[in-house]
Amino acid sequence: MEAPGASNDGCPRESDAKMETNRGCPLEAIYHRRTDPYEVTHFPAIERTDHHTVLYELPYQPHSGRPPAPYCSIGRATAAAAVGNGPILRLPTMSRCMMRNADGSHAVENRWTLVCRALSKPIADSRQLEDTILQYNPDYRSHFRFVALHRLFEEQCEEEERTAFFGDTLPRMVRLALRLTELFQTPVPLLVHWRTHAVSMTQEQAACLLANAFFCTYPLPKATLAKGFSGGNFAPLFAGTNQSVVEKIKCLCHYFRRVCTRMPTGVLTYQRRYVPVHHVPDWGTVDAQFTRDRVPLHVSPDGTIEDQGAGLLQMVFANRYLGGGVIGHGCVQEEIRCVINPELLVGRLLFEALRETEAYLVLGTERYCNYANYASSFTFQADYRDETPRDASGRRQCYIVGLDAIRMQPGVDQYEQQALRRELGKAYAGFRDGLDGRTPAPGIATGNWGCGAFGGHAPLKALVQLMVACVVGRPLLYFTCNEPGLEERLLEMYNFLTEHRISVAQLFEALVRYGAKGYKARIDLYDYLYQYLFQAGGTD
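Numbering of residues starts from 1 in each chain and follows the order in which that chain's sequence is written. A pLDDT threshold of at least 70 governs which residues receive local features in this predicted model, and a stricter bar of 80 or more applies before side-chain atom pairs are shown or counted, although totals over entire chains, interfaces and linings include all residues. The basis for every side-chain value is the complete set of non-hydrogen atoms in the structure, without hydrogens or water.

Novice: When you look at helix 20 (residues 525–534) in this model, what are you seeing that I'm missing?
Specialist: One full turn of an α-helix is made of 3.6 residues, so residues set three or four places apart face in the same direction. With 7 of 10 residues buried, helix 20 lies mostly within the body of the structure. Exposed residues in this analysis have more than 50% of their type's maximum accessible area, buried residues have under 20%, and partly exposed residues fall in between, with area computed by a 1.4 Å probe over protein chains only. Numbering goes from the N terminus for both helices and strands, where a helix is a DSSP run of H or I of at least four residues and a strand is a run of E of at least two. Taken together, the buried positions of helix 20 are Leu525, Tyr526, Tyr528, Leu529, Tyr530, Tyr532 and Leu533. Check the buried side of helix 20 and you find it contacts helix 17 (458–472), helix 18 (486–499) and helix 19 (504–518). Within 3.5 Å is the distance limit for a polar contact, defined as a pair of N or O atoms, with the added protein rule that one can donate a hydrogen and the other accept it, and that residues adjacent in sequence qualify only through two side-chain atoms. Where helix 20 begins, the side chain of aspartate 524 points an oxygen toward the backbone nitrogen of tyrosine 526, at a separation of 3.1 Å. Here, two residues are considered to be in contact whenever any of their heavy atoms come within 4.5 Å of each other.

Here it is in structure tokens:
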């Protein structure tokens, strides 16, 4: 076995030099040398089945010029079958509110009646908007002050913008929100743990759900949080105190301005994917070998997954609750993706918190705005016109997978075998091909998963994802996000693994050994792997 970067005769290979110049395998290899980045099919066409609830009438008519009509389930038996007898989304039409009367007594009223009554009155500014929301959410008076909402409309909007929003956009949003009973005529299943299930809806239906989130019409989230759901109302966002929160509200207002002016006619799919533990590979016995044909790798030190990952399965570094802190002060990769592609936020209503060997997939979301910077310096910049083509089912060919990494905290060691198996199993759930092993499988655009606030080690997380990509046979476009030195080191390691046809099992064993010995001795991860894998027989 030769040292990294050397051929059998000890000289650098021409292909290695070319690989380093091209940041790994040529980018064309990630797309299987197709000239059209959207040519390779990712997922099957939408079909109403026991594992896929479709909330609109099929088949999709691409040239109709209007959104598909809502699907109406006939009778309780059909409605129950539509959701597989599982839990359903609790809409504001399905709940009641405890209201205080003038004499101090309490009365129970239908929540939707209160919502319709409150939203039927004119709303001229953000203060009146807050008062309207409080009419059917009286508990908000002691929990939220809509600081960010008022800052946006009272301090940062031009008079012309404010007038346009409250005079035109907001009344359209009200009408959209109040179409809830028209647009949803069949139960909406919740996507709960230990079950693979998908829900497809129109972009119009998604916009209606999000308009209700903006007006905070959903039942208060206390009960849903206890059951693993994050809740959908935007009140915590409106109550934010920093400028990045204001910028996120700008993104969402821009989305509503767009869809209320011209409603998009496409569709969306939200899928929870569960892989039983006994179906996850035993990583210590996987004989798949790293080769450039099996797992092409292209590494980029800059760029973003959403901009440069067109046509690929795009990774979101997720919280176990979809969106993480998006309806709050969070403003990193997942949160930003949720406000530039707001249809992702519908998943906050549908997805129960992710568990091990589970992933979420959202297919077909549209991007509506450009942004600049990151975290506290994030800013909404301008309108974005999404030209991503649609698939045969009417979804934008923007396919997103969300995976939650282990959060580093006291008592958690990311190099322990249990932690390694957890991350590998999580990535396996997300990276499995949506068409069950056909070739070629489309590539994946990813990066430093779980390496920001979650504290993961980027060189390790890159190898974890490379191992899973090797097992499922998918190309990898990896963005190092300007992590110092990672591009060069990852490419050198990839050259070594492919040159010597290291197996996934061998690399897994080396990582386990490192966790037991090298990490505690503070030896660099990649230096240890070279030494361990280089030695004949893989002995220390």
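Now that the structure has been shown, we can carry on.
Novice: Teacher, can you tell me more about the packing of helix 19 against helix 20 here?
Specialist: When two helices pack together, you describe them by how their axes are tilted relative to each other and by the distance separating the axes. The interhelical angle for the contact between helix 19 and helix 20, taken along N-to-C directions, is 120 degrees, at an axis separation of 10 Å. Comparing their axes, helix 20 and helix 19 come out oblique. Handedness of the crossing formed by helix 19 with helix 20: right-handed. Where helix 19 abuts helix 20, its residues Gln506, Leu507, Glu509, Ala510, Leu511, Arg513, Tyr514, Lys517 and Gly518 lie against Leu525, Tyr528, Leu529, Tyr532 and Leu533. In this classification, the charged set is Asp, Glu, Lys and Arg, the nonpolar set is Ala, Val, Leu, Ile, Met, Phe, Trp, Tyr, Cys and Pro, and all remaining amino acids, among them Gly, are polar. Looking at the contact of helix 19 with helix 20, its residues break down into 9 nonpolar, 2 polar and 3 charged. Where helices are involved, their axes are fitted lines through C-alpha atoms of the stretch in contact, as for all axes, and angles between N-to-C directions lie from 0 to 180°. Under this scheme an angle from 65 to 115 degrees is roughly perpendicular, one under 35 degrees roughly parallel, and one over 145 degrees roughly antiparallel; angles in between are oblique. The hand of a helix crossing depends on one turn: near helix anticlockwise from the far one by less than a right angle means left-handed, and clockwise means right-handed.

Novice: Would you mind going over the nonpolar core with me for this structure?
Specialist: Side chains of a nonpolar character, in soluble globular proteins, are inclined to be buried together. Grouped together as the largest cluster of nonpolar side chains are 88 residues, with contacts concentrated most on Phe214, Phe215, Phe234 and Tyr270. With 10 residues, helix 12 (residues 243–261) is the single largest residue contributor to this core. Here phenylalanine 234 is in contact with Leu210, Ala213, Phe214, Cys216, Leu252, Phe256, Ile327 and Leu345, once residues within four sequence places are set aside. In plain words, nonpolar cores are sets of buried Ala, Val, Leu, Ile, Met, Phe, Trp, Tyr and Cys residues tied together by side-chain atoms within 4.5 Å. In terms of nonpolar packing, the next biggest core, distinct from the first, is built from 74 residues, Ala458, Ile502, Leu525 and Tyr528 among them.

Novice: Would you take a moment to explain helix 4 (residues 111–119) for this structure?
Specialist: Turning to helix 4, its buried residues number three or more, namely Arg111, Trp112, Leu114, Val115, Ala118 and Leu119. Along helix 4, the residues classed as buried sweep out an arc of 160 degrees about the axis, all on the same side. Each C-beta atom gives one direction from the helix axis, and the arc is the one those directions make.

Novice: What is the right way to read the side chain of glutamine 397 from this model?
Specialist: Along the chain, glutamine 397 turns up in the loop between strand 10 (379–383) and strand 11 (399–404). With residues near it in sequence (within four places) discarded, glutamine 397 still touches Tyr38, Thr388, Pro389, Arg390 and Asp391.

Novice: How do you make sense of the sheet that holds strand 5 (residues 267–274) when you look at a structure like this?
Specialist: Working definition: the strands of a sheet are paired by backbone hydrogen bonds and lie parallel or antiparallel to each other. Only strands that DSSP links by at least two bridges are regarded as paired with each other. Taken in spatial order, the 9 strands make up an open sheet running 1-4-5-8-11-7-12-13-6, and their pairing is mixed. Of all strands in the sheet, those with a lone pairing partner are strand 1 (52–54) and strand 6 (297–300), marking the two edges. Strand-to-strand twist across the sheet, computed as the mean angle between neighbouring axes with direction ignored, equals 20 degrees. As defined by bridge partners, strand 7 (residues 313–318) adjoins strand 11 across 6 bridges and the pair is classed as parallel. Along strand 11, the bridge assignment pairs methionine 315 with valine 401. Strand contacts of helix 14 (residues 333–340): strand 7, strand 8 (358–363) and strand 11, with the helix running at about 120 degrees to strand 7, the strand carrying the most contacts. Contacts from helix 18 reach strand 6 and strand 13 (476–479) within the one sheet, and its direction differs from that of strand 6 by about 165 degrees.

Novice: Looking at this structure, I do not really get the state of the cysteines. What am I missing?
Specialist: By definition, a disulfide links two cysteine residues through a covalent bond between their sulfur atoms. When the sulfur atoms of two cysteines come within 2.5 Å, that pair is taken as a disulfide. The final tally for this structure, using the stated rule, is 0 disulfides. The thiol sulfur of cysteine 451 is not disulfide-bonded, and the nearest other cysteine sulfur, from cysteine 481, lies at 9.0 Å.

Novice: What am I meant to see in the packing of helix 17 against helix 20 here?
Specialist: Contact pair helix 17 / helix 20: the axes reach a minimum separation of 9 Å and the direction vectors enclose 50 degrees. With respect to helix 20, the axis of helix 17 lies oblique. Note on element contacts: helix 20 touches helix 17 through Leu525, Tyr526 and Leu529, opposite Pro459, Leu460, Ala462 and Leu463.

Novice: Got a minute to help me understand the pattern of salt bridges in this structure?
Specialist: Where charged atoms of side chains with opposite charge meet at close range, the side chains can pair. Between Lys or Arg on one side and Asp or Glu on the other, a salt bridge is scored when a side-chain nitrogen of the former is within 4 Å of a carboxyl oxygen of the latter. With the rule as written, the count across this model stands at 25 salt bridges. As a salt-bridge pair, arginine 127 and glutamate 154 come within 2.8 Å of each other at their nearest N and O atoms. Here arginine 127, found in helix 5 (residues 126–136), pairs with glutamate 154, found in helix 6 (residues 147–156); they are 27 residues apart in sequence, far enough to count as distant. Salt-bridge contacts for glutamate 159 lead to arginine 162; the nearest nitrogen and oxygen are separated by 2.6 Å. Here glutamate 159 and its partner arginine 162 are both found in helix 7 (residues 159–177), 3 residues apart, which amounts to about one turn of the helix. Bridged by salt links that share partners, the residues Arg258, Glu366, Asp383, Arg385, Arg390 and Arg396 form one connected network.

Novice: Teacher, can you tell me more about the packing of aromatic side chains here?
Specialist: How two aromatic rings sit relative to each other is set out by the distance from centre to centre and by the angle between their planes. Here is the rule: rings of Phe, Tyr and Trp (six-membered ring for Trp) pair when centre to centre is within 6.5 Å. Planes less than 30 degrees apart are stacked, more than 60 are edge-to-face, and the remainder are tilted. Inspection of the entire model under this criterion finds 21 aromatic pairs. Where phenylalanine 146 meets phenylalanine 238, the ring centres are 5.5 Å apart and the plane angle is 65 degrees; that geometry is what we call edge-to-face. Of this pair, phenylalanine 146 sits in the loop between helix 5 and helix 6 while phenylalanine 238 sits in helix 11 (residues 235–238), and the two are 92 residues apart along the sequence. Under the relative-accessibility criterion, phenylalanine 146 is labelled buried at 1%. The buried category is assigned to phenylalanine 238, whose relative accessible area is 1%. Between phenylalanine 214 and phenylalanine 256 the ring centres are 5.6 Å apart and the planes differ by 75 degrees, which places this aromatic pair in the edge-to-face class.

Scope: geometric values only; no functional claims are made or implied.
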